[in-house]
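Summary of the model geometry
Take a look at the letters that make up each chain.
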Amino acid sequence: MIQVNGIQKAYQQTTVLKEIEFSVCKGEFFGIIGPNGSGKSTLLKMISGVIPYDVGEIVIQDKPLRKYARKELAQILAVLEQEGLPPVGFRVREVMEMGRFPFQNWLGEEAEDATALIDEIIEMLGLSALEDRTLDQLSGGEKQRVALGKALVQKPKLLLLDEPTTYLDIGYQIQLMDIVKGWQKTTGVTVVAVLHDLNLASLYCDRILMLHKGKQVQVGGPREIMTSSLIEDVYGTRPIVMEHPVHQLPQIFLKSEMGK
Ligand code: ADP
Ligand code: MG
């Protein structure tokens, strides 16, 4: 689905990503983790075509990214960004309708009526009672679900998420991740998610790319990535890694140097 071949990127004179090389399979749930400033958002923005890369190539569905027209790309991929919502004042349903923009002609008309699809997604996200509210009348968790809804109504083949659970409490974190996973199971969408929470990354991702100071440390399944030594090398703190009692996946426990 995606091939990232030897990507390098500098802002002004500073290299922020180099020698990035991995591929994402169709239908995969692929995670990107790494400390603050390691280049995760930059990488995701390059995959979504928002910013150019200096060296290398990104190929999406066997076609180099630079050969895509903007609208053509928008018909394939959708992005959930931290600040991805339109200014306040828009209503929930209006925001969802904006997600259909890539499929409309210049008159704002669509070949197929998307109303049923939008209804279905509003229902799935538990936003039915809120659909006439404006964005400023929503909580953080509700807003994040609206942002996800706007991405899902595009029916993307590729869904890109940048720290979708930041600022959400644990209930909403799991709810949002489960919605994405459920949507992935029914539609087969490929998901690439930047996640700052290592435990969530381990629970939801098939494979994970770990970045450190703009370099690719490793790509692998949760068991390969979630080791105390690798995490210590990258994050500078050595956690205890144990298997999740229900999901049989590695989870980390942070360890204080001070004791209690
Ligand atoms: P992450 O998402 O992992 O926290 P980013 O991709 O946002 O990291 O940033 C990687 C590095 O690039 C950081 O050092 C950041 O300061 C720098 N950076 C990000 N965006 C810009 C920009 N528009 N101009 C200059 N430097 C930037
Ligand atoms: Mg970021």
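Not measured: the values here are computed from a predicted model.

1. A word on helix α5 (residues 140-152)
Taking 1.5 Å of rise per residue, 13 residues should cover 18 Å, and α5 covers 18 Å from first to last C-alpha, within 8% of that figure. Of all the 13 residues making up α5, 10 are buried; the element is thus mostly covered by neighbouring parts of the structure. Of all the residues in α5, the buried ones are G141, E142, Q144, R145, V146, A147, L148, G149, A151 and L152. Contacts made by the buried residues of α5 are with β6 (77-80), α3 (92-98), α4 (115-124), β7 (158-162) and α6 (170-187).

2. A closer look at the site of ligand 1
For ligand 1, the full set of nearby residues is Y11, Q12, V16, P35, N36, G37, S38, G39, K40, S41 and T42. Within the backbone of S38, an N or O atom sits 3.2 Å from an oxygen atom of ligand 1. Interatomic distance of 2.8 Å between a side-chain N/O atom of K40 and an oxygen atom of ligand 1. In isolation ligand 1 offers 570 Å² of accessible surface; the protein chains occlude 56% of this area. Taken together, the residues of the shell around ligand 1 break down into 3 nonpolar, 7 polar and 1 charged.

3. Re α6
For α6, with 18 residues, the first-to-last C-alpha span of 26 Å sits near the 26 Å given by 1.5 Å per residue. When α6 is considered as a whole, its buried residues turn out to be Q173, L176, M177, I179, V180, K181, W183 and Q184. Close packing links the buried residues of α6 with β3 (29-33), α4, α5, β7, β8 (190-194) and α7 (198-204). Following α6 by one or two positions, G188 adopts a phi angle in the positive range, close to 75°.

4. A few points about unusual backbone geometry
Of note in the backbone geometry, K155 takes a positive phi value of approximately 45° without being a glycine. By the element assignment, K155 lies in the loop between α5 and β7. Judged by its relative accessible area of 52%, K155 falls in the exposed class. Positioned with a positive phi, Y167 is a non-glycine residue whose angle comes to about 75°. Relative to the elements of secondary structure, Y167 occurs in the loop between β7 and α6.

5. So, the packing of aromatic side chains
Inspection of the entire model under this criterion finds 2 aromatic pairs. In this arrangement the basic side chain of R100 is found over the ring face of F103, its NZ or CZ atom lying 4.2 Å from the centre.

6. Concerning the pairing of strand β4 (residues 55-60)
As paired elements, strand β1 (residues 2-11) and β4 share 5 bridges and run antiparallel to each other. Counted as the bridge partner of N5 is E57 from β4. Where β4 lies against strand β5 (residues 63-64), 2 bridges are found, and the strand directions are antiparallel. Looking across to β5, one finds that V59 is bridged to P64.

7. Looking at the packing of α5 against α6
Where α5 meets α6, the axes come as close as 11 Å, and the angle between the chain directions of the two elements is 15°. As far as their axial angle goes, α6 and α5 are roughly parallel. Remark: the crossing between α5 and α6 carries right-handed chirality. Here G141, Q144, R145, L148 and L152 of α5 lie close against α6, whose contacting residues are Y172, Q175, L176, I179, V180 and W183.

8. Here we look at the state of the cysteines
With the rule as written, the count across this model stands at 0 disulfides. This cysteine, C25, is not joined by any disulfide, and C205 carries the nearest cysteine sulfur, 14 Å off.

9. Remarks on a nonpolar patch on the surface
On the surface, a nonpolar cluster with roughly 290 Å² of combined accessible area is contributed by I240, M242 and F253. In this structure, F253 sits in strand β12 (residues 250-253).

10. Considering the nonpolar core
Counting residues in each nonpolar core, the largest one holds 48 residues, and the members touching the most others are M96, L148 and L159. Apart from the residues within four sequence positions on either side, L159 is in contact with A78, L148, A151, L152, V180, V189, T190, V191 and V192. Residues I47, I60, V192 and L211 belong to the second largest nonpolar core, which totals 29 residues.

11. A look at the side chain of S48
Positionally, S48 belongs in the loop between α1 (40-47) and β4. The class of S48 is buried, set by a relative accessible area of 7%. Not counting residues up to four positions away in its chain, the partners in contact with S48 are L73, L77, V79 and L160.

About the cut-offs
- Residues numbered from 1 in each chain as written.
- Chains lettered and ligands numbered in written order.
- Predicted model: local features only at pLDDT ≥ 70, side-chain atom pairs only at ≥ 80, totals over all residues.
- Heavy atoms only, no water.
- Helix = DSSP H or I, 4+ residues; strand = E, 2+ residues; numbered from the N terminus.
- Expected span 1.5 Å × (residues − 1).
- Buried < 20%, exposed > 50% of the residue type's maximum accessible area, 1.4 Å probe, protein only.
- Contact = heavy atoms within 4.5 Å.
- Near = heavy atom within 4 Å.
- Polar contact = N/O pair within 3.5 Å; in protein donor to acceptor, adjacent residues only side chain to side chain.
- Areas by Shrake-Rupley, 256 points an atom, 1.4 Å probe, with all protein chains shown as cover.
- Nonpolar A, V, L, I, M, F, W, Y, C, P; charged D, E, K, R; others polar.
- Phe/Tyr/Trp six-rings, centres within 6.5 Å; stacked < 30°, edge-to-face > 60°.
- Lys NZ or Arg CZ within 6 Å of the ring centre and 35° of its normal.
- Pairing = 2+ DSSP bridges.
- Axes fitted to C-alpha atoms, helices over the stretch in contact; angles between N-to-C directions.
- Parallel < 35°, antiparallel > 145°, perpendicular 65-115°, else oblique.
- Left-handed = near helix turned anticlockwise from the far one by under 90°.
- Disulfide = S-S within 2.5 Å.
- Patch = residues over 30% accessible without salt bridge, like charges linked within 9 Å, V, L, I, M, F, W, Y side chains within 5 Å.
- Salt bridge = Lys/Arg side-chain N within 4 Å of Asp/Glu carboxyl O.
- Core = buried A, V, L, I, M, F, W, Y, C linked by side-chain atoms within 4.5 Å.

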